Amino acid sequence: MRKSSMMRTFAAMVAAVLLLAGCSNSPDAAADGAQWDETWTLLGTVMGVGEPGHGLALTENPVSLMSGDNHYAVWSAGEEHHFTNDAGEEAVYYDAQLYAVASGFRNEAGALNAAGEWLAREREIYEITGEETVEANNQSYTVLTYRTKSETNPYSAGAVAIGVYKRYAVSLELTCLDAFPEEPGEVLKGILAVVHYSAEI
């Protein structure tokens, strides 16, 4: 069983246990004033993501597989493709994938430092084609658009939004093949409109 399959199985098992126990860790309200929607994809008790659209369907949302106070979810769109990576392992990719991450730190200073490191890493490994500050639901992000430089990366372009919400560094990244018909930066900015944060953090 591939790692992603094991992760999805584990997540489903934990979700079933929580459902049977009648438990919910969902916040009551979003920091932007919206009532929390139980249909949003939950990353810990920090972030809720509504339907991203653009053919993106949720493919991974483990309940607690990353170490510490770290949470992520993945959405995929288009055809499934297979290739062998540099480590000789079989990997799966799609026409486009959206990755959301929320990583907790002891304080806001730690989150700011991590967000700065994430941005520096993106600038190092990609050819940056655009940069702007975007506000969505009272949350600020630095949005980078890029082209990939690595010949072994199956994706050709993408966009990433990185920000800090209280003591959490957050990232949403859309990676695309040339076959994806939309401009990744514009798609990602639209997706930020359905991202919400807990008012209870």
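Now for a look at the structure at hand. Worth saying up front: this structure is predicted, and the values here are computed from it rather than measured.

**Let's talk about the overall build of the protein chain**
- For the protein chain, the helix and strand inventory stands at 3 helices and 10 strands.
- Seen in sequence order, the protein chain has helices and strands lined up from the N terminus as α-β-β-β-β-β-α-β-β-β-β-α-β.
- For the protein chain, the proportion of its 201 residues judged to be buried stands at 43%.
- Here the contacts in the protein chain between residues at least 6 apart in sequence split such that 55% fall between residues at least 24 apart.
- For the protein chain, the exposed area adds up to about 10,400 Å²; of that, 50% sits on carbon and sulfur atoms.

**As for the sheet that holds strand 1 (residues 41-43)**
- Pairing is antiparallel across the open sheet formed by 3 strands, whose spatial order is 1-2-10. What marks the edges here is a single partner per strand, and that holds for strand 1 and strand 10 (195-197). For this sheet, the mean angle separating the axes of adjacent strands, direction not counted, is 25°.
- One ladder, built from 3 bridges, connects strand 1 with strand 2 (residues 47-49); its direction is antiparallel. Residue pairing in the sheet places Leu-43 in a bridge with Met-47 of strand 2.

**Quick look at the sheet that holds strand 3 (residues 57-60)**
- Spatial strand order, 3-4-5-9-8-7-6: 7 strands in an open sheet with antiparallel pairing. What marks the edges here is a single partner per strand, and that holds for strand 3 and strand 6 (126-136). Each strand axis lies, on average, 25° off the axis of its neighbour in the sheet, ignoring direction.

Quick notes on the rules
Residues numbered from 1 in each chain as written. Predicted model: local features only at pLDDT ≥ 70, side-chain atom pairs only at ≥ 80, totals over all residues. Heavy atoms only, no water. Helix = DSSP H or I, 4+ residues; strand = E, 2+ residues; numbered from the N terminus. Buried < 20%, exposed > 50% of the residue type's maximum accessible area, 1.4 Å probe, protein only. Contact = heavy atoms within 4.5 Å. Areas by Shrake-Rupley, 256 points an atom, 1.4 Å probe, with all protein chains shown as cover. Pairing = 2+ DSSP bridges. Axes fitted to C-alpha atoms, helices over the stretch in contact; angles between N-to-C directions.

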